[in-house]
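Now for the letters of each chain:
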Amino acid sequence: MRWGFLGAGGIARNSLAPAVRESRTAVLRAAAARDPARARALGAEVTHGDYAALLADPTVDVVYVALHNSAHREWTAKALRAGKHVVCEKPMGLTAAEVAELASEAAAAGKILVEACWNRWHPRTRALQRLLGEGALGTVREVRSGFRGGRPPEGDYRHDPALGGGALYDVGCYAIACALLAFDWRLPAVRAARQELGPTGVDETTTAELVFPDGVATIESSLTGQQDEWFSAIGDKGSVELSFPAFTGGAGQVEMIYRSETGTRTEAYPPINPYTVMVDEVSAASRGREAFLVGLGETAAVAEVIDSIRASARRSAFSG
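Here the residue index of a chain counts from 1 through its sequence in written order. For this predicted model, a pLDDT threshold of at least 70 governs which residues receive local features, and a threshold of 80 or more governs which side-chain atom pairs are given and counted, while totals over whole chains, interfaces and linings are taken from all residues. To get the side-chain values, all heavy atoms of the structure are used, and hydrogens and water are removed first.

**Brief notes about the sheet that holds strand β14 (residues 263-269)**
Selection rule: Only strands joined by at least two bridges in the DSSP assignment are considered to pair. We count a stretch as a helix when DSSP gives it H or I for four or more residues in a row; a strand needs E for two or more, and each element gets its number in order from the N terminus. The axes used here are C-alpha line fits, helices contributing only the stretch in contact, and every angle between their N-to-C directions lies in the interval 0 to 180 degrees.
In spatial order, the strands read β8-β9-β10-β7-β11-β12-β13-β14; together these eight strands make up an open sheet with mixed pairing. Pairing within the sheet leaves two strands with one partner each, and these edge strands are β8 (189-197) and β14. Within this sheet the neighbouring strands show an average axis-to-axis angle of 10°, counted without direction. With seven bridges joining them, strand β13 (residues 254-260) and β14 adopt antiparallel strand pairing. Bridged to R259 within β14 is T264.

Written out as structure tokens, the structure reads:
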């Protein structure tokens, strides 16, 4: 499948472009960026002077939207209308309403639309999904899920609220998605949420307590430089924990530790590039073959929880 990139920032340059080049099922056909030199640096077969020209290119099958967060809705919709399958960087939309709009666009176009939550393709995450789906933990009662990331450099869009910056959008989605996975994708109520804002007005840290019918999840996301990632779930029949790094594993071996009444089982997963797995699976699905994709319903659920956390944090700040 012939991929075209809209945007040539760090994640496109360092993660997705190498993944497409490594893939045996995809080629990096085209790239477009505001800076033509950065577009050429991706190593695509051709470069275009603007985004619209890439969307009009009949040799592009799949468009990867790697623009700043506030541009995702516009250019994902335009790519779908141009007849392309689309992989959009997370968050696909800044609100649940934007995600719903894009899902409708994909249905109308008859094209695949996938949020690039690349860790969901990692074999450990897939194994966690199977473990939880089999009911190995019984009824899940408690989840702890968090992602503390590095502080973005000055001038990065993640410092700009107008561009969809902040920790919750950037890394909170990982923690929220795993919590929802543990509770079978049911939507929670937000019992409490708090955001610590930086000088530019974006949230540098967000914490929240999510209440489900049978249990509670505590969520944390931050971009303060104190890097850490964790996930654990406790049920009435067992528990599971992901070793560090809980979400961005790939460069090194990672583990999943499952504990039950019969003992402890540790499963190790060797280094792998989950970006390449994602590219291969999306390419297969684009050809009509069976493949694993992150469903739009799951993307919408994460967006709804982000909406609720942001609303709860605003109410808390207003009430003092």
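**Quick word on unusual backbone geometry**
Definition in use: Partly exposed describes any residue whose relative accessible area lies between the buried limit of under 20% and the exposed limit of over 50%, with all areas from a 1.4 Å probe on protein chains only and scaled to the type maximum.
Cis geometry is adopted by the peptide bond preceding P91, which originates at K90 and carries an omega value of -5°. Within the fold, P91 resides in the loop between β5 (85-88) and α5 (96-109). Of note, the amide linkage connecting F244 to P245 takes the cis form, showing an omega dihedral of -5°. For D184, which is not glycine, the phi dihedral falls at a positive 60°. With respect to the helices and strands, D184 occurs in the loop between α7 (167-182) and β8. Owing to a relative accessible area of 59%, D184 belongs among the exposed residues under this scheme. In this structure, W185 is a non-glycine residue whose phi angle is positive, near 65°. Along the polypeptide, W185 turns up in the loop between α7 and β8.

**Examining the packing of helix α6 (residues 123-133) against α7**
Selection criterion: In these notes the angle categories are as follows: under 35 degrees is roughly parallel, over 145 is roughly antiparallel, 65 to 115 is roughly perpendicular, and the rest is oblique. Any pair of residues with heavy atoms lying within 4.5 Å of one another is described as a contacting pair. Throughout, the ten residues Ala, Val, Leu, Ile, Met, Phe, Trp, Tyr, Cys and Pro are labelled nonpolar, Asp, Glu, Lys and Arg are labelled charged, and all others, Gly among them, are labelled polar.
As a packed pair, α6 and α7 sit with axes 9 Å apart at the nearest point and diverge in direction by 30°. Compared by their axis directions, α6 and α7 come out roughly parallel. On the side of α6, the interface is formed by L128, Q129 and L132, while α7 contributes C178, L181 and A182. Counted by class, the contact of α6 with α7 contains five nonpolar, one polar and no charged residues.

**What about the sheet that holds strand β6 (residues 113-115)?**
Within a sheet, each strand pairs with its neighbour through backbone hydrogen bonds, oriented either parallel or antiparallel. Taken in spatial order, the six strands make up an open sheet running β3-β2-β1-β4-β5-β6, and their pairing is parallel. For this open sheet the edge positions go to β3 (46-48) and β6, each flanked by a neighbour on one side alone. Pairwise comparison of adjacent strand axes, ignoring direction, gives a mean angle of 20° for this sheet. Contacting β1 (2-6), β4 (62-65), β5 and β6, helix α4 (residues 72-81) crosses the sheet at an angle of about 165° to β5. Packing of helix α8 (residues 274-286) onto the sheet brings it into contact with β1, β4 and β5, and relative to β1 it is tilted by some 120°.

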